[in-house]
Every structure is written in C-alpha cells, then in structure tokens.
Amino acid sequence: MALADLQPAGTLFDPARFARSGSDKGRAVPHEALARLSMLRGEAGHTMQLLQFLARSPQACLIVMLAGAVTLVLTSQAISNATLKGEFCWALSVLTGIVAITRNYIRSYASSPRHVPLRQAASELRLLLLYTGAAWGMGAFLVLPDQPALVLLAFAAVPSLALSLLLKDAKGAAAFGAPVTLACAGAAILAARPLALAATLLVAGILTCCLSMLQSAMAAHPPPDLASR
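Presented here is an overview of the structure given in this document. One numbering rule holds for all chains: residues counted from 1, following each sequence as written. Since the coordinates come from a predicted model, pLDDT governs what is reported: local features require at least 70, and pairs of side-chain atoms require 80 or more to be given and counted, while whole-chain, interface and lining totals use all residues. Hydrogen atoms and water are omitted, and side-chain values are computed over all heavy atoms in the structure.

## Thoughts on the layout of surface pockets
At step 1: Only protein atoms enter the 1 Å grid, on which a cavity is a set of points fitting a 1.4 Å probe that cannot get out and a pocket is an open set with protein on both sides within 12 Å along at least 5 of 7 lines, lining residues being those with an atom within 4 Å of a point. Grid points are joined across faces, edges and corners, and a volume is the space filled by probe spheres set on the points. Taken as a whole, the second largest pocket holds about 270 Å³ of empty space.
At step 2: When residues of the lining of the second largest pocket are traced back to their parent elements, those giving at least two are α4 (57-77) and α8 (149-167).
At step 3: Here the residues of the lining of the second largest pocket sort into eleven nonpolar, three polar and no charged. Put simply, DSSP H or I for four residues or longer makes a helix, DSSP E for two residues or longer makes a strand, and each gets a number counted from the N terminus. Think of it as three bins: nonpolar holds Ala, Val, Leu, Ile, Met, Phe, Trp, Tyr, Cys and Pro, charged holds Asp, Glu, Lys and Arg, and polar takes everything else, Gly as well.

Now the structure itself:
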C-alpha cells in the first residue's frame, strides 16, 4: 500500500506549502523586540554606571579631605612662604566643594532618587568636581608657593589618580584633574621651575584622564565571559 493511501484527502505532503510555512516562521522572528531588548539593556547598564558614580561621591569627599589635611600638616611642619590667610582661604574653598558634593549626594541619591533626574544629578556632580579641582589647584599658589618639584607633582597627581580609580567616570575624573593639572603647571612655570616639571604635570593629568576613560569603557563593555554571567 502506498503512503498516499494512508493519508486522508487533502492532507498529502506538499513541499511548496512546507517551504512557505518555514518562510512565514522566519518572518515572524521578533527582530524589533530583540533590538528593543538590546537597547534597554544598554540603558540599564548606563543607569547603573551613573548610580555607582553618584554612590561613590562620599568616598571622593573623604579622599579630598584626607589629602587636604595631609597637605596642611606637611606645609605647617616645613619651611614655607605660605601665609595663614592663604591656607585658610584654600581650605575653605576646598571644603565648600566637599559640602556641595555631599549635598548633591543626599539630595539626589540618599534621600530619594526620584526627586532629581539621574542624568541631571550626575551632571551637577561633574560640575562640582570641576569647582573642587579648581579650588584644589589653587593650593599650588596659596599653600605650596615654594615647595620642591616632587611635592608639587604629588600634590597634583595623587588626589587626581585616587579619584580616577574610585569614580571610574571619565568626565568626572577629567573635571577634577584638568584644573588641578593646569594650575600646578602654571605655578611651576611662574615659580621659574624647569619646564620639564610643567610638562610632567600635564602628562600625568592626561594619563589620569586616559586611565579613567579606559575604566569607563571596560565597565560599559565587559568581556564576553563576564557579560554572559
């Protein structure tokens, strides 16, 4: 008995109909939904980076406070032309930035993130880091007017590198590190120190920004084995 005799009428195998059904299934693949899912995943990763950036701002304040305290202690024990008025103005300027960063953290992250948009809070934090970096850099003129080159280099590089490693945000690290580097380089030139010191400060600032950008890129695009977990 043939196979066709076992099939009811109208149910014979039709290769053309099978090919059409297969093509219809191919067209039914939700490409738009998959693209939407990928976009939502990218937005979620960016949101997580901004939340972590804001959450690290108290640690950044502690780093700046500790570095400022160490700087004032070392300059008070060393022979320096810095005046008490200059040290007070510098400390007050840096402390103002720290208080503003703390207020931004409490208002946008600790109390209720819904009150302030996340992107707006991150932008405000970067602006505050820019101000704090400018205030810190003024210490090269007010607190360290006649210190050795290595002291000035450490004054510029240590807090900038520490904040870059902590924040893991390229814009935030550049906002703090750029004015610090430029101010210290300007102080080195005005103090008739070798131009090599100014060039070293600039290179250190550029490397710090590049390191932060690399960390941000690695956080945004993790390795395949980590991304699949």
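## Here we look at the side chain of T71
At step 1: Assignment of secondary structure puts T71 in helix α4.
At step 2: Judged by its relative accessible area of 12%, T71 falls in the buried class.
At step 3: Any pair of N or O atoms that falls within 3.5 Å is considered a polar contact. Within protein, one atom must be able to donate a hydrogen and the other to accept it, and sequence-neighbouring residues count only if both atoms are side-chain atoms. Within polar-contact distance, the side chain of T71 engages the backbone oxygen of A67 at 2.8 Å.
At step 4: If sequence neighbours within four positions are ignored, T71 has contacts with W90, W136, V143 and F155. The classification of residues rests on relative accessible area computed with a 1.4 Å probe and restricted to protein chains. Under 20% of the type maximum is buried, over 50% is exposed, and intermediate values are partly exposed. Pairs of residues are marked as contacts when any of their non-hydrogen atoms sit within 4.5 Å.

## What to know about the nonpolar core
At step 1: By convention a nonpolar core is built from buried Ala, Val, Leu, Ile, Met, Phe, Trp, Tyr and Cys residues, the set being connected through side-chain atoms within 4.5 Å. Of all hydrophobic cores here, the largest spans 33 residues; its most connected members are V64, V94, L129, W136, F176 and C184.
At step 2: Looking at this core, the elements with two or more residues in it are α3 (31-55), α4, α5 (84-110), α6 (118-137), α8 and α9 (170-190).
At step 3: The element best represented in this core is α6, accounting for seven residues.
At step 4: Excluding anything up to four places from it in sequence, L129 contacts F53, I101, L167, G172, A175 and F176.

Read these as layout, nothing more, since geometry by itself doesn't imply function.
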